[in-house]
Amino acid sequence: MQIWRQPSDIPADLSGSVVTIGVFDGVHKGHRAVITEAVRQARERELPCIVLTFNPHPATVHNPGLTVPLVISVDDRLRRLEALDVDVTYLQHYTLDYSTATAREFVVDQLLGQLKARAVVVGEDARFGWGNEGDVETLSDLADELGFVATVVRDLRDDSGRRWSSTWLREILDRGDVRAATKVLGRLHRLRGEVVHGHKRGRELGFPTANLQASSAGVVPKDGVYAGWLVRTVPGTKAVENLPAAISIGTNPQFNGEGRTVEAHVLGRADLDLYGEKVAIDLVSYLRPMVSFNSVEELLERMDEDLRQTALALGVPVSGRVDPSEVTAGSDELESADID
């Protein structure tokens, strides 16, 4: 898949394309329905399929100070678009100046002028142009006038009739319902970060953990304990391994923690040296809320049960806590820096 970031990246001999537009944060099932239709039309017409997507998130540009955590990183968005057989992603740098184009100017200048769109595929909620003045009816009218084909892909909805969207996905994660998030995404919800050294409490208790700083790990669900997988690239190779992990999200109230972290303990492993690695954490299921116990002994009993519940949720053999004397120095309790 080619990635274009500016008009000069567009080949001079581009004569036609099928285009779809959107932020596509998460590339969830609703997004994939739109993109898959665009790819289908492109193959039928023997034209390239171009996804026009935006970074940063438009809402943060129009509302300075607003934080909209991305469901997935931009790099992951690009990887998932490529996996859908998209030919080109135009990663448009979104600015206030860019947003001043009217709906008609956007279609005429960028979709038809730059990207040579012969067909445009969008979801029902598509909005474009200054003040979001353009919608699917606007697109249809312009298609009739300017001679391109406009296709609207109907929204996917849950059993209650609610439209699948990135906003709804964030609400689901706020509730900690990572199983429902998996249904919407069509895959496990992923967090990312780079591992660095921390306070070593986990190591001393027999639960060495790799931590991600919640503020930079993506859309982090509500505090609690989860079952999931720590995903890493095997050093010196391109191979990826998925390691079963019990995951704690919160401020560590047992030890009066302040910064919110995501801590992953790999079941039965004391030999991992993850310091400096960029890792991912895929969340499978919510196990329990984050609470403070009356003693460390009570905490350890609960953590032993967390390990059993994690193994059950993941379908792997049960592993107890590790011997603190066997923990590799690089697998101390860890904190992370920047998201990948």
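Below or above, wherever it landed, is the structure these notes cover.

How each quantity is defined
Residues numbered from 1 in each chain as written. Predicted model: local features only at pLDDT ≥ 70, side-chain atom pairs only at ≥ 80, totals over all residues. Heavy atoms only, no water. Helix = DSSP H or I, 4+ residues; strand = E, 2+ residues; numbered from the N terminus. Buried < 20%, exposed > 50% of the residue type's maximum accessible area, 1.4 Å probe, protein only. Contact = heavy atoms within 4.5 Å. Areas by Shrake-Rupley, 256 points an atom, 1.4 Å probe, with all protein chains shown as cover. 1 Å grid on protein atoms, 1.4 Å probe; cavity = no way out; pocket = protein on both sides within 12 Å on 5 of 7 lines; lining within 4 Å. Points joined across faces, edges and corners; volume = space filled by probe spheres on them. Nonpolar A, V, L, I, M, F, W, Y, C, P; charged D, E, K, R; others polar. Arc of directions from axis to C-beta. Pairing = 2+ DSSP bridges. Axes fitted to C-alpha atoms, helices over the stretch in contact; angles between N-to-C directions. Core = buried A, V, L, I, M, F, W, Y, C linked by side-chain atoms within 4.5 Å.

Some remarks on the overall build of the chain
Within the chain, the regular secondary structure consists of 10 helices and 13 strands. Looking at the 340 residues of the chain, the share that counts as buried comes to 49%. Considering only contacts in the chain between residues 6 or more positions apart, those separated by 24 or more positions represent 75%. Accessible surface, the chain: about 15600 Å² in total, of which carbon and sulfur atoms supply 48%.

Re the layout of surface pockets
The space that makes up the largest pocket amounts to roughly 1100 Å³. Around the largest pocket, the lining is made up of 40 residues, and of these Gly22, Val23, Asp125, Ala126 and Arg127 lie nearest the centre. For the lining of the largest pocket, the element with the highest residue contribution is helix H1 (residues 29–45), accounting for four residues. Looking at the lining of the largest pocket residue by residue, the class counts come to 19 nonpolar, 14 polar and seven charged.

Let's talk about unusual backbone geometry
With an omega of 0°, the peptide bond running from Asn55 to Pro56 counts as cis. Residue Glu46 is not a glycine yet carries a positive backbone phi of 55°. By secondary structure assignment, the location of Glu46 is in the loop between H1 and strand E3 (49–55). On the basis of relative accessible area, Glu46 is assigned to the exposed category, the value being 74%.

Some thoughts on helix H8 (residues 178–185)
Taken residue by residue, H8 has Val178, Ala181, Val184 and Leu185 as its buried positions. Looking down the long axis of H8, one finds its buried residues gathered within 110° of arc, a one-sided arrangement. Within two residues after H8, Gly186 carries a phi angle of roughly 80°, on the positive side.

A look at the sheet that holds strand E1 (residues 2–4)
In space, the six strands of this open sheet follow the order E1-E4-E3-E2-E5-E6, with parallel pairing throughout. With one partner strand each, in any of the chains shown, E1 and strand E6 (149–153) form the two edges of the open sheet. Averaged over all adjacent pairs, the angle separating strand axes in this sheet is 25°, with direction ignored. As paired elements, E3 and strand E4 (residues 88–93) share six bridges and run parallel to each other. Across the sheet, the residue bridging to Ile50 is Val88, located in E4. Strands in contact with H1 are strand E2 (17–21), E3, strand E5 (117–123) and E6; relative to E5, the strand with the most contacts, it is inclined by about 160°. The strands that helix H3 (residues 74–83) touches are E1, E3 and E4; relative to E3, the one it contacts most, it runs at about 170°.

Focus: the environment of Leu267
Within the secondary structure, Leu267 is located in the loop between strand E11 (261–266) and strand E12 (278–288). Sequence-wise, Leu267 and Phe207 are 60 residues apart; in three dimensions their C-alpha atoms are separated by 8.8 Å. Ignoring any residue separated from it by four or fewer positions in sequence, one finds Leu267 in contact with Pro244, Ala245, Ala246, Leu307, Thr310, Ala311, Val316 and Ser319.

Brief notes about the nonpolar core
Membership of the largest hydrophobic core comes to 49 residues, with the highest contact counts inside it found for Leu230, Ile247 and Val262. A total of five residues in this core trace back to one element, the largest contributor, which is H1. Excluding anything up to four places from it in sequence, Leu230 contacts Ala210, Glu241, Asn242, Leu243, Ala245, Ala264, Val266, Leu274, Val279 and Ala280. Among the nonpolar cores identified, the runner-up in size contains 27 residues, and Leu14, Val19, Tyr94 and Ala143 belong to it.

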